[in-house]
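One-letter residues, chain by chain:
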Amino acid sequence: MANLILQHGTILTMDRQDTLYEDGFVVVDGDAITHLGPMSLMDELLQGIPETEHYSILDCTGKLILPGMVNTHSHLSMVVFRSLGDDVADRLKRYLFPLEKTAMDKQMALDGAAYAFAELLLGGVTTIYDAYYFEDEIAKVAEKAGIRGVLSETILSFPSPNADEPYGGIPYTKQFIKNWQGHPLITPAVNCHALYTNDREHLQECHRIAREADVIMCMHLAEMDYEQRDCLRDFGMTPVQYLDSLGILDARFLAAHSINLEDRDLEIYRDRGVKVSHNAGSNAKGAKGVARIRDMRAMGITVGLGTDGAMSGNTLDILTQLPLVGKIQKVSNNDRTLFPAKEILRMATIEGAKALGLEEITGSLEAGKRADIIILETDSVNMQPIYDPYSVVVYSANPSNVETTIVNGRVVMDKRRLLSLDMAELRENLFRHQDKIRAIARELDKKLPSS
Ligand SMILES: [Zn+2]
């Protein structure tokens, strides 16, 4: 962790008042932000820190300083499968599940996650929610990478690809929470995969574990057309109403996707304090429909942004999601005034932190919060001119404009170079799985009906 002063940058704090300092400074002391404000007040504000020679000074003239992005939904290790099965119908059941079952093992999951952490840090994501397998090992990689992670082992009602855990993930999750609760970077969570992969006993047990440990419970919800259809057929209720009838929905519940929602479902979300992870790119690519995030926001429901796995949405950074969120909402509601850039950026930062229960420690630049900060350069051709910095971040910036990433006060990426991970090694480790994956994918391709 560093003692740092970032100075002369344009600071988008994303605090409650959306305070913006056009020429501002941020002081990082250890893992926390201690001071920030306009340069004109720096001398006055820093009187509490007489020995500024103990601080590294980073000149941020012309640069944008903002809180790190929060990705509220992903399956990181799936990055090893990126670009496979992109256009396959019913991809989850016909392609992804069989591929995972045959190909995925612990080493592949770890190499995939490490590679994903590199992509996240290079793209300005400082907090990631992950649900996958072998999560205890993945947490150790996250710790080394220096990224903030809300991590969870995927729970199913049948054996998962995790051969260490043939019981669907519940005993593993209990131990995982014990291992990591209280860690400065890693926050354990419960992940109940979905309604169509878990029976009632699993759903209720997951909720019990989350309640007793006071951790969040995440689930894919109201995402699939068959999920909706089968739930109505079997229980006479929508998936949201069914979960509510089991007493599972509460303020610790994070519902990923949430596309097929009736008005009554939205009211349940609002009344129970359910949070939503909106995955615009993944949902659009999967032709699953447009989530009603305009209505959710109007009702005061917390909505953060997510990418989903890289086999669903192809990227893991949040910057590439931002224009999609705005454009999909504008076109589907036929109203270009909806979702101004500042609101989209709030969902990518502080609202995402809220969705993960971390709003007290991250998601905005404020004194007392952990120093999760990104710096965007503005020299690249796509970044000028800057009349509205929020608009530039949402509609002009891409991950390669992120120059520096700081997590928990540690500079983990600087000038596009990872300081906590070795990119050449990560790439080599990723490539060593390619032959196996390609061979399995070829067999799967043969089984698909020709179009
Ligand atoms: Zn997902």
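Overview of the structure. What you are looking at is a predicted structure, and each value in this text was computed from that prediction instead of being measured.

### A few points about the overall build of the protein chain
Logical step 1: When its secondary structure is counted, the protein chain shows 17 helices and 18 strands.
Logical step 2: The C-alpha atoms of the protein chain give a radius of gyration of 22 Å, which matches the 22 Å a tight globule of 451 residues would have.
Logical step 3: Counting only C-alpha atoms, the protein chain reaches 65 × 50 × 45 Å along its principal axes.
Logical step 4: In the protein chain, which comprises 451 residues, the proportion classed as buried is 60%.

### Re the pattern of salt bridges
Logical step 1: Tallied over the entire structure, the rule returns 30 salt bridges.
Logical step 2: Two residues, D263 and R292, come together in a salt bridge whose shortest N-O distance is 2.7 Å. Within this pair, whereas D263 is found in helix α9 (residues 263-272), its partner R292 is found in the loop between α10 (280-285) and α11 (293-298), the two being separated by 29 residues in sequence.
Logical step 3: By relative accessible area, which is 25% here, R292 ends up partly exposed.
Logical step 4: Look at the salt bridges and you will find they share partners, linking R229, D230, R233 and D234 into a network.

### Some remarks on the coordination of the zinc ion
Logical step 1: Looking at the zinc ion, the protein donor atoms are H73 (NE2), H75 (NE2), H220 (NE2) and D308 (OD), and they sit 2.1 to 2.4 Å from it.
Logical step 2: Metal-centred angles of 89 to 167 degrees between the 4 donor atoms at the zinc ion mark the site as irregular.
Logical step 3: Between consecutive donor residues of the zinc ion, the sequence gaps follow H-x1-H-x144-H-x87-D. In this pair, H75 is assigned in the loop between β6 (69-71) and α2 (91-103) and H220 in strand β11 (residues 217-221), connecting sequence segments 145 residues apart. The residues H75 and H220 share a single accessibility class, namely buried.

How each quantity is defined
Residues numbered from 1 in each chain as written. Predicted model: local features only at pLDDT ≥ 70, side-chain atom pairs only at ≥ 80, totals over all residues. Heavy atoms only, no water. Helix = DSSP H or I, 4+ residues; strand = E, 2+ residues; numbered from the N terminus. Rg over C-alpha atoms; globule rule 2.2 N^0.38 Å. Buried < 20%, exposed > 50% of the residue type's maximum accessible area, 1.4 Å probe, protein only. Salt bridge = Lys/Arg side-chain N within 4 Å of Asp/Glu carboxyl O. Donors = N, O, S within 2.8 Å, 3.2 Å for Na, K, Ca; no water. Tetrahedral: all angles 85-135°; square planar, octahedral: opposite > 155°, others 65-115°.

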